[in-house]
Each structure stands twice: as structure tokens, then as C-alpha cells.
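Residue-level listing of the chains:
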Amino acid sequence: MNRQVFTTGVITLLCAASMLCGAQSPYRPIPNNTWDKTVTLDTAFMRVSYEMTFRDALFYSTSEPGGLDDHVFTENEILSDTRIVEFGDLVRKDYSQTLEAREILNREMIERGEMPRNLGSSSVYPIELFISGDKCRINRRTLMTGPILQYESGSAPMQWSLTGEAEQVGDYRCQKAVTTFGGREWTAWFCPDIPVDGGPYKFRGLPGLILKVEDAGKHFSWTMTGIEKGSWPIYEKQYLFQKCSPKEAGKILKDMYLRPFAFLKNAGIRTLLPDGKGGAREPGDNEYSVAMYYDPIELE
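Residues numbered from 1 in each chain as written. Predicted model: local features only at pLDDT ≥ 70, side-chain atom pairs only at ≥ 80, totals over all residues. Heavy atoms only, no water.

As annotated in an unreviewed UniProt entry, the protein chain carries the name GLPGLI family protein and comes from Candidatus Coprenecus avistercoris.

Asker: For this particular structure, what's the right way to read the overall build of the protein chain?
Answerer: Secondary structure assignment for the protein chain yields three helices and 18 strands. In terms of C-alpha radius of gyration, the protein chain reaches 20 Å, essentially the compact-globule figure of 19 Å for 300 residues. For the protein chain, the spread of C-alpha atoms along the principal axes amounts to about 65 × 55 × 35 Å. Across the 300 residues of the protein chain, 50% fall into the buried class. Of the contacts formed within the protein chain by residues at least 6 apart in sequence, a portion of 66% connects residues at least 24 apart. (Helix = DSSP H or I, 4+ residues; strand = E, 2+ residues; numbered from the N terminus. Rg over C-alpha atoms; globule rule 2.2 N^0.38 Å. Buried < 20%, exposed > 50% of the residue type's maximum accessible area, 1.4 Å probe, protein only. Contact = heavy atoms within 4.5 Å.)

Asker: Can you help me understand the sheet that holds strand S7 (residues 127–132) in this one?
Answerer: Hydrogen bonding along the main chain pairs the strands of a sheet, whether they run parallel or antiparallel. If you trace the 12 strands from one edge of the open sheet to the other, you get S10-S11-S12-S13-S14-S3-S5-S6-S7-S8-S9-S15, paired in mixed fashion. Each end of this open sheet is capped by a strand with a single partner; those strands are strand S10 (161–169) and strand S15 (241–243). Geometrically, the sheet is characterised by an average inter-axis angle of 30 degrees between neighbouring strands, direction not taken into account. Summarising the sheet, strand S9 (residues 148–154) and S15 pair through three bridges and their orientation is parallel. Residue pairing in the sheet places Leu149 in a bridge with Gln242 of S15. Its contacts with the sheet put helix H1 (residues 97–111) on strand S5 (78–88), strand S6 (92–96), S7 and strand S14 (221–237), and the angle it makes with S6 is roughly 75 degrees. On top of the sheet, helix H2 (residues 246–258) reaches strand S8 (135–140), S9 and S15; it is set at about 135 degrees to S9, its chief contact. (Pairing = 2+ DSSP bridges. Axes fitted to C-alpha atoms, helices over the stretch in contact; angles between N-to-C directions.)

Asker: Please clarify how the side chain of Asn32 should be interpreted in this entry.
Answerer: You can see Asn32 is positioned in the loop between strand S2 (17–20) and strand S3 (38–55). Taking the relative accessible area as the measure of exposure, Asn32 reaches 16% and is therefore buried. Excluding residues within four positions of it along the chain, Asn32 makes contact with Glu103, Arg141, Ile148 and Tyr239.

Asker: I'm lost on the state of the cysteines in this one. Help?
Answerer: Put plainly, a disulfide is one covalent bond tying together the sulfur atoms of two cysteines. If you walk through the whole model with that rule in mind, you get zero disulfides. Take Cys174: it sits in no disulfide, and the sulfur closest to it among the cysteines is that of Cys191, at 5.0 Å. By relative accessible area, Cys174 is classed as buried at 0%. (Disulfide = S-S within 2.5 Å.)

Asker: Mind showing me how you'd approach the packing of aromatic side chains here?
Answerer: Here the distance between the centres and the angle between the planes together describe a pair of aromatic rings. With the rule as written, the count across this model stands at 15 aromatic pairs. Both rings, one in Tyr201 and one in Phe203, keep their centres 6.1 Å apart while their planes meet at 55 degrees; by these two values the pair is tilted. Assigned by exposure class, Tyr201 and Phe203 land together as buried. Each ring, one from Tyr239 and one from Phe241, has its centre 5.7 Å from the other, and the planes form 80 degrees; the classification is edge-to-face. The same class applies to Tyr239 and to Phe241, which are both buried. One aromatic cluster is present, formed by Tyr27, Phe54, Tyr125, Phe181, Trp186, Tyr201, Phe203, Phe220 and Trp222 through successive ring pairs. Geometry around Tyr95 places Lys93 over its ring, the cationic atom sitting 4.5 Å from the centre. (Phe/Tyr/Trp six-rings, centres within 6.5 Å; stacked < 30°, edge-to-face > 60°. Lys NZ or Arg CZ within 6 Å of the ring centre and 35° of its normal.)

Given below as C-alpha cells:
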């Protein structure tokens, strides 16, 4: 039985201006303009673009036990993002092309003395990864103008099993491999003719570039849409990060999804919820009346 989900009936007030709107999705982040410089980490010799698909963070009433555990996601509830993975000799960077373009445009407007625009109308997966050796630094957005979390985790090569099967991905003949990672079963298609160890997210450990990867439940998938060779700087924008451990980040993010209005209140963002009497009320410090579907890439 599907749970009832909703996106209406929520009033959000941002920057002291009253705006009647649906609650902000974590996959439609407001561009952040607080970065004042960039740091060049390496030089890329190749850029690979991927279409990433993932499930929407649907809102639901927590009065219904089980949340959206048995919800059947429709095509309209599957979101996509264009990801760019830049490969250097020392660093691999994975980021959202859409979000990057928004922030660059806003920064150019600020430098011209213009007011930046909120260009957060399309979905993105709000995460950047910088992989060097067996370490991965992650910059993760939170709701609306909430903090950007920065934490480091491991990124060792995964242990894959080759199946002997082949599949065409774009113009490339690929081989199939399977592994277990982060509590999910994954299938990847890699191209031995492109001798680069890596792919999207943290995936690596195969004798060729990973062009497609998805989990068994198809909650997440990445498919290569283009490959470009050349030379570009791999840089990182310096935000005012909230630095934390992976465990702390996981707790913050889970709480953000399960108690979004309490999270916003604690971040200093005023929100109002219907009071059941035709009016509105401020959420409590531990507001559990509304939650969002939480589905991290790594379950453990």
C-alpha cells in the first residue's frame, strides 16, 4: 500500500520575506555565493559526463508508520542530475554541472554589481567529491541556506567480480562487474580500452573507466553521456564549511530528512506549518509531524 505524500500546505519565510511555496527540496539547493576564492588541486586530462538518477525526497506525514518504505516511485518521482567527473594524476573531482553553472553565473552577476538570482529550479544531487589516493573529501549541501558540511571518508578500491558479460555503453564496448559497497549490491560496466581506474562517485578498482553503474534496486544509477580529453584545472571553491566527521555528517543529514522543519528552525530559517485551525504555527524544536524520504547512497 502506497503512503500518501504531499508538497503543499507549507509556508516558508526566508530572509524575512513572506513567500507562499512548497517546502524546499534538498535536491533544489539555493546557490551559495559565499565562496571568495578557489584552490587549484590538480590538472585534469579527461572529463566524463554522466546522467545520474535518484529518488525524490518526497514529503510525508510521520503519523503514518513506516514512512515511504513501500512507496512505488513513479517516473515523475525519479530525479536526474548531470554530473562531471574530472580525472587528474593526483585528484578526481565529481560535481554537479548544473549547480556549478548556477554559482558561476551568480558570482559573475555579483562582480558586475548585479543582484544574484536564485536559480534553484531544477534538481541536482548536492554533493562534491575530491578523491586522492584512498581518501575522499566530501562537500555536502543541506536544506535551503543551511550549512555546507565537509568531511573525509575512505575511498579504497572495491573488490569486483567479473561476470564475463559485455554491453555497449554509447560507442564503447564494456564488460560487466559486480560488487557490494555501502550496504548495496552494485553492477558496473567498464571499458578496458580506456585504461583509467575510476568512475562516478567513489567507484574504482576495475581495469578500465566505469561508464555505467547502478544498484540492484535501481535507487541510483550513473550512465556516461560524453568523454572529453584536454587539460583543465581541478579546483575547489572555498566556502564557509561546517567541518565534521562522516559519522557526524550522517547524523546531521538523517535528522535533516526526518525533521526538516526542526532543522530549518535550528539553522535560523523561519518556517510556518498549518495549525489545523486555518492558521499557521511555528514548528517545535523537535518537529516530527512532517518528514522527507531519506535514501543515502551508502546505507552503512
